[in-house]
Amino acid sequence: MQASEKKQLTLAGVLFALAILFFVLFSSPEREALEFFYDESEQKLFTAPIGSIPPIKGINDNQLDGVRAIVIAPKGQRDDESAHRIAYLEKWSPQLKQHMEAAAKAKAAGHAVPNVVDRSQRKFHQFVRRTDSPEWYTMNTDEAAKIMATLRTKDAQGKIPDICTPNR
């Protein structure tokens, strides 16, 4: 190998190493996927990692008063926070929450988890309500169906609203 070829090969290696270093140092880290939650005592929206099992700790204390908030906006206005509104809130029973948390831990550890709450029974352990109502309804009721129908209800322009997420 001639001296000029060695120089070219060395320069190429140095440039390649610099490119990798530049990529590692200046690439933006992946943002954590978030979803909306609602602190029932503070009556405010906040965000938490996606997959959090409601109820979770709220924003002002250690109380489990943070429930998932399904936030919607008129079609095409998903990025306009002033157009956001809460369609409904949802939470799970303590039994289902405990089961889902145990299942997530077991899955992360590579273990199987017995199905404590059968899938067909989950609708009895999941609850929804509107922000202006104090009463929670199980998913198997007509009231819950009416509340969740908000996601399919067309606005004055005949458009179905967009579901909003914090950072997507």
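Below is a summary of the structure that appears in this document.

Section: the overall build of the protein chain
Regarding its fold elements, the protein chain presents three helices and seven strands. Walking the protein chain from its N terminus toward its C terminus, one meets helices and strands in the order α-β-β-β-β-α-β-β-α-β. By residue count, 32% of the 168 residues in the protein chain fall in the buried class. Taking the contacts inside the protein chain whose residues are at least 6 apart along the sequence as the reference set, 44% of them involve residues at least 24 apart. Per element, the accessible surface of the protein chain, about 11,600 Å² overall, is 55% carbon and sulfur.

A closer look at the environment of Leu89
Inspection of the secondary structure assignment puts Leu89 in strand E4 (residues 85–92). Along the chain, Leu89 and Tyr38 lie 51 residues apart, while their C-alpha atoms are 7.6 Å from each other. In contact with Leu89, not counting residues within four places along its chain, are Tyr38, Val67, Arg68, Ala69, Phe127, Val128, Arg129, Thr131 and Trp136.

Focus: the nonpolar core
Grouped together as the largest cluster of nonpolar side chains are eleven residues: Phe36, Tyr38, Val67, Ala69, Val71, Ala73, Ala83, Leu89, Phe127, Trp136 and Cys164. Broken down by secondary-structure element, the contributors of at least two residues to this core are strand E1 (34–39) and strand E3 (66–73). Per element, the largest residue contribution to this core is four residues, and it comes from E3. Apart from residues no more than four positions distant in its own chain, Val67 is found in contact with Phe37, Tyr38, Glu40, Pro54, Pro55, Leu89, Glu90, Lys91 and Trp136.

Things to note about the pairing of strand E2 (residues 44–49)
Bridge count between E1 and E2: six bridges; the pairing is antiparallel. Across the sheet, residue Phe37 finds its bridge partner in E2, namely Phe46. Where E1 folds back onto E2 in an antiparallel hairpin, the turn is made up of four residues, including Gln43, whose phi is positive at roughly 55°.

Examining the pairing of E1
Successive side chains on a regular strand alternate, one facing one side of the sheet and the next facing the other. Counting buried positions along E1 gives six out of six residues, so the element sits mostly inside the fold. Here E1 shows a buried face lined by Leu34, Phe36 and Tyr38 and a second buried face lined by Glu35, Phe37 and Asp39. For E1 and E3, the ladder comprises three bridges, and the chain directions are antiparallel. Across the sheet, Phe37 pairs through a bridge with Arg68, a residue of E3.

Side note on helix H2 (residues 94–109)
Because each turn of an α-helix spans 3.6 residues, side chains separated by three or four positions end up pointing in the same direction. Helix length check: H2, at 16 residues, gives a terminal C-alpha distance of 23 Å against a target of 22 Å (1.5 Å per residue), a fit within 8%. The set of residues buried in H2 consists of Leu96, Lys97, His99 and Ala106. Summarising the contacts, the buried residues of H2 are in contact with E4 and strand E5 (126–129). Of the residues flanking the end of H2, it is Gly110, one or two places downstream, whose phi is positive at about 85°.

Description of the packing of aromatic side chains
This model, assessed by the stated rule, comprises one aromatic pair. Note on Phe37 and Phe46: the rings are 6.0 Å apart at their centroids and 35° apart in plane angle, and the pair reads as tilted. Just as Phe37 is buried, Phe46 falls in that class too.

Rules used throughout
- Residues numbered from 1 in each chain as written.
- Predicted model: local features only at pLDDT ≥ 70, side-chain atom pairs only at ≥ 80, totals over all residues.
- Heavy atoms only, no water.
- Helix = DSSP H or I, 4+ residues; strand = E, 2+ residues; numbered from the N terminus.
- Buried < 20%, exposed > 50% of the residue type's maximum accessible area, 1.4 Å probe, protein only.
- Contact = heavy atoms within 4.5 Å.
- Areas by Shrake-Rupley, 256 points an atom, 1.4 Å probe, with all protein chains shown as cover.
- Core = buried A, V, L, I, M, F, W, Y, C linked by side-chain atoms within 4.5 Å.
- Pairing = 2+ DSSP bridges.
- Expected span 1.5 Å × (residues − 1).
- Phe/Tyr/Trp six-rings, centres within 6.5 Å; stacked < 30°, edge-to-face > 60°.

Spatial relationships are all this shows, so hold off on functional conclusions.
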